[in-house]
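# Examination of the molecular architecture
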Amino acid sequence: MSDEVTLNIEGMTCASCVSRVEKIAGRVNGVEAVSVNLATEKAKVLMDGGRLDDVIEALTNAGFPASKPADEQPTTASKKMSESRQMALRLLVAAALTIPVAFVEMGGHLVPPLHDAIMGIVGMQNLRLVEFILTTLLILGPGRVFFAKGIPSLLRGGPEMNSLVALGAGAAYLYSIVATFWPSALPSETNSVYYEAAMVIMTLILLGRTLEARAKGRAGAAIEALLNLAPETAIVVNDDVETETPVSEIRRGQILLVRPGSKFPLDGEVISGSTFADESMITGEPMPVEKGVGDTLVGGTINGMGVVRMKVTATGKDTVLARIVAMVQDAQSAKLPIQTQVDKVTAVFVPVVIAIAALTFLTWLILGPSLQYALVAGVSVLIIACPCAMGLATPTSIMVGTGRAAELGILFRQGDALQRFAEVTTVAFDKTGTLTKGKPSLVTMLSDNRADAISIMAGVEQNSEHPLAHAIMTEAKENRIEPARITDFRTLPGLGVEGNMEGRRVVVGSERLMREKGVPISGYTARSSAMALEGQSPFFAAVDNELLAVVGVADPVKPEAGEAISQLHDRDIYTIMITGDNAATASVVARQLNINRFVAEVAPEGKVGAIRDAQSHGPVAFIGDGINDAPALAQADVGVAVGSGTDVAIQTADVVLMSSDIRLAAAAWRMSRAVMRNIRQNLFWAFAYNVVLIPVAAGVLYPTFGIMLSPMLGAGAMAFSSIFVVGNALRLRSYSAGRTA
């Protein structure tokens, strides 16, 4: 039996690192598959019989320290912010060493009198010695990482970003050492130093990595925000003694006291008191939810105005909040199909770049004016071609997109569902509980005195289990109408109910019951027939054989369902409703919502067949909420479970909507489109940047235009490409659920 394990991986800087980690881990005995995510710095390893320690040892020996995630580990956001602070310190030291050298060399080139003045005061050889010392300090200090990681990777035959920087900056440094200490070894016209180039290259890349780490921290802010929802302590009640206790020490079954304005520490149920809970951070719905004895509470949500006691029903990884965080982290760690194609390119990219740099150097050495030009061109190619942007293009967009979706109440349980959802051409819906409210409601009522009619009907129906009874009792409760006092209650199977109200006989039921009791209803049969055509079930109520009310009960369509369907139609998405309900009711709902097609009176396996038929025309997403929807959710290209539904449906789905608002389905589709568009933008930039600038760095413009790209400009451009990709992905943080794709 295969087991999937997640490892933390350190030391990855670019897409080539990702490819190398996957190859190293994949060669370990027992490893079936490896998937590495650069943005989250995690690897998913599928093992069958092997030893995980062997994988960790192989990766660590290769320069990529690996470890098992601890139970309490920093999130990507906090980890990256910590890294960015450490890198900022290294950057500060690097800048302090680099600025004097850059000022002297670059300032001297731009302002000849400054150059003459410096030479007159210090002298060329002394200046070169000072620059040598400062450059050496930079290489041994903040810049050591490039050589400590890059050179071993190069020697092992797996060069990556650090290798390119080490080769480029190292070549400029070594050339400058020769020009400083053995100037006679070089032609007089090429006797120049490039200390400032080596220093500026390393400093700019350190700047880029610092900004990148900070941006990655912002990308993981959604997970950080979710984790911060849970309080650290709770008030435990034991024999009326209240004790403040760390949440980590609380166990299932314990009783907690939650005061107004506090967060519910864990999942549980109310055992005393009542309140309203603000669950917007979990469901995305702004309206507080009424909570009374027996109602469930979600850890991390906010208690309103009441004091309640709750019994803990879930702790640790079993809480709703923990499961949401786990879902989002899994999605963020996923590798989309489009990333596989990118990985194939980047796997050979760095070796090809080194070959291009070597060819460039040799070409300029043979055909160019001097060794100096050959060095500049070769180093520029090495520096500008680092594939950081390629490696970050996809995972960073996934990370930000799934995090923002979670904030909106949309959970992508499977990261690759982002790409599959964006390709969907048909969306199929279950009816009951998905497009409709899922419980019968009083839709129509004809009566001279509505309040009295509801009171009498509620009195006779309060002991019944019929759907009509639930609808009437809900209506009475919502309008705060007290049920009338009824005695001698009796059920009339297949017809209705009857009872006695202060000596008066009350009957509630079907048209047939009214006729059997002699209640005149001829003036209302046409209206009851119209109700039936509208998908309602008509019922009558009478007191002492006089008609009291005509009511229509139905499972009403959700108010937002029409808007959700309209949003999908606006984007040319074909819609289908698949239901086990009768064709007449399904026809009414489909007509009300303007659904393209409906399939009615089907069993769960029939739903699967209907989806298969739809898949012959393109990818299909299915949205449902019940146990009987699980097979259809699994069959669809993308299964979407409404969060108010059953655990079975949620566990089967690829995407979970945390509230019953079906508009989130349309928002999830738009989010997937936005993320994929963002990924394509990033990949275009990453590849276009290299396609355009590598030839420029190699000097193709020099013969015609006299343009030669400086290695320092190459380092700046390379750093900017990574920052651009991460910055573009961060735009997804402002995505709104109501925005169109």
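Right above here is the structure, for reference.
Scope of this entry: the structure provided in the associated data block. These numbers come from a predicted model, not from an experiment. (Residues numbered from 1 in each chain as written. Predicted model: local features only at pLDDT ≥ 70, side-chain atom pairs only at ≥ 80, totals over all residues. Heavy atoms only, no water.)

This part is about a nonpolar patch on the surface. A cluster of nonpolar side chains, namely L362, L365, I366 and L367, defines an oily patch on the protein surface of about 450 Å² accessible area. Locating L365 in the fold gives a position in helix α12 (residues 337–367). (Patch = residues over 30% accessible without salt bridge, like charges linked within 9 Å, V, L, I, M, F, W, Y side chains within 5 Å. Areas by Shrake-Rupley, 256 points an atom, 1.4 Å probe, with all protein chains shown as cover. Salt bridge = Lys/Arg side-chain N within 4 Å of Asp/Glu carboxyl O. Helix = DSSP H or I, 4+ residues; strand = E, 2+ residues; numbered from the N terminus.)

Ranked by size, the top nonpolar core spans 98 residues in total, and within it I9, M12, V55, I410, F412, F421 and V655 carry the most contacts. Here this core takes 18 residues from helix α25 (residues 663–698), the largest share from any one element. (Core = buried A, V, L, I, M, F, W, Y, C linked by side-chain atoms within 4.5 Å. Buried < 20%, exposed > 50% of the residue type's maximum accessible area, 1.4 Å probe, protein only.)

The next subject is a positive patch on the surface. A cluster of basic residues, R571, R673, R677, R680 and R731, forms a positive patch at the surface. Here R731 shows up in the segment after α27 (711–730). Since its relative accessible area comes to 44%, R731 is described here as partly exposed. (Lys, Arg positive; Asp, Glu negative; His and termini not counted. Charge placed at Lys NZ, Arg CZ, Asp CG, Glu CD.)

Below, the discussion takes up the packing of helix α5 (residues 124–140) against helix α7 (residues 161–181). Running from amino to carboxyl end, α5 crosses α7 at an angle of 150 degrees, the nearest separation of the two axes being 10 Å. On the basis of their axis angle, the class for α5 and α7 is roughly antiparallel. Handedness of the α5/α7 crossing: left-handed. Counted together, Q125, R128, L129, F132, T135, T136 and I139 of α5 and Y173, I177, A179, T180 and F181 of α7 form the full contact between these two elements. Across the contact of α5 with α7, the residue classes break down as seven nonpolar, four polar and one charged. (Axes fitted to C-alpha atoms, helices over the stretch in contact; angles between N-to-C directions. Parallel < 35°, antiparallel > 145°, perpendicular 65-115°, else oblique. Left-handed = near helix turned anticlockwise from the far one by under 90°. Contact = heavy atoms within 4.5 Å. Nonpolar A, V, L, I, M, F, W, Y, C, P; charged D, E, K, R; others polar.)

A few words on the packing of helix α20 (residues 561–570) against α25. Taken N-terminus to C-terminus, the directions of α20 and α25 make an angle of 25 degrees; their axes are 7 Å apart at the nearest point. As judged from the angle between their axes, α20 and α25 are roughly parallel. On α25, the residues touching E563, A564, Q567 and L568 of α20 are R663, A666 and R670.

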